[in-house]
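Structural overview for review
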Amino acid sequence: MSPKDLKAALRKERLALRDAMTPESRIEASLTMADHAGDVIALDPGHIVAGFWPIRSEMDIRPLMARLRDRGARLCLPVIIDKKTIVFRELLNGAPVIETGFGTTGPGPDAPELEPDIMLVPLSAFDATGHRIGYGAGYYDRAIDKLRNKGHLPKLIGIAFDCQEVASVPAEPHDVALDAVLTESGFRHF
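Within any chain, residue numbers begin from 1 and follow the written order of that chain's sequence. pLDDT decides what is reported in this predicted model: residues at 70 or higher carry local features, side-chain atom pairs at 80 or more are listed and counted, and totals for whole chains, interfaces and linings draw on all residues regardless. Excluding hydrogens and water, the side-chain values take into account all heavy atoms of the structure.

**Topic: the sheet that holds strand 3 (residues 86–91)**
The test is simple: Strands qualify as paired when DSSP identifies two bridges or more between them. Helix numbers and strand numbers start at the N terminus; a helix is a DSSP run of H or I with at least 4 residues, a strand a run of E with at least 2. Orientation is described by lines fitted to C-alpha atoms, with helices fitted over the stretch in contact, and by angles between N-to-C directions that extend from 0 to 180 degrees. The criterion used for residue contact is that any of the two residues' heavy atoms lie within 4.5 Å.
Read across the sheet, seven strands follow the order 3-2-1-6-9-10-11 without closing on themselves; strand pairing throughout is mixed. The open sheet is flanked by strand 3 and strand 11 (186–189), the only strands paired with a single partner. With direction set aside, neighbouring strand axes in the sheet form an average angle of 25 degrees. Against the sheet, helix 4 (residues 139–149) engages strand 2 (74–80), strand 3, strand 6 (118–122) and strand 9 (155–159), with an angle of about 165 degrees to strand 6.

Written as structure tokens, this is what we have:
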């Protein structure tokens, strides 16, 4: 099986496990995750943190983002520009958010684009070495590569439920490894 086929199989399997969680268990896990990391993620006032609004059965990191904002972080959300590109727009208190494609929500075109210092990255699956499987479109890999080519090195924290961990992710040259992962069991550095 090719790495691409194996990733697709692992993605399907782990997303099915995540989808099978009850809404109540996802909410509890999201709140527990915020308790684990709300005060642990290293940041200085003014650091820019890219989060995301949950889609489908993703972890709801809005409580975590609120905690980070309370600690002085500036927040931003990914916005899909086209079939290959996302940018990160600033999320201000009280500012409206709009549909931005593929079920995602983010600030509108008037919001400033920012370069995150910390990225909370959604994923389908991850392993104990920090490799991740995204949703298959490569948006985050390209966005991270673009930032790195400009000399900006954001800390990458994967966001997942425990059930999304796999024994091994087949890493390909274009894949970007995580610095840490956050689940309902805790915050783990790689």
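**Some remarks on the side chain of D175**
Just so we agree on the cut-off: Two N or O atoms count as a polar contact when they lie within 3.5 Å, although within protein this holds only if one can serve as hydrogen donor and the other as acceptor, and sequence-adjacent residues are included solely when both atoms are side-chain atoms.
Along the chain, the position of D175 falls in the loop between strand 9 and strand 10 (180–183). There is a polar contact of 2.8 Å between the side chain of D175 and the backbone nitrogen of E172. Once residues lying within four places of it in the same chain are set aside, the contact partners of D175 are K7, D141 and P170.

**Remarks on the pattern of salt bridges**
Going by this rule: For this analysis, a salt bridge means a side-chain nitrogen from Lys or Arg found within 4 Å of a carboxyl oxygen belonging to Asp or Glu.
Counted according to the given criterion, the structure contains 10 salt bridges. Of the charged contacts in the structure, one is a salt bridge between E172 and K7, with a shortest N-O distance of 2.9 Å. With E172 in the loop between strand 9 and strand 10 and K7 in helix 1 (residues 3–20), the pair connects residues that are 165 residues apart, well separated along the chain. With its nearest N and O atoms 2.8 Å apart, the salt bridge here joins R14 to E13.

**Thoughts on unusual backbone geometry**
The backbone of R56 sits at a positive phi, close to 50 degrees, despite the residue not being glycine. Tracing the backbone shows R56 in the loop between strand 1 (48–50) and helix 3 (62–70).

On their own, these measurements won't tell you what the molecule is for.
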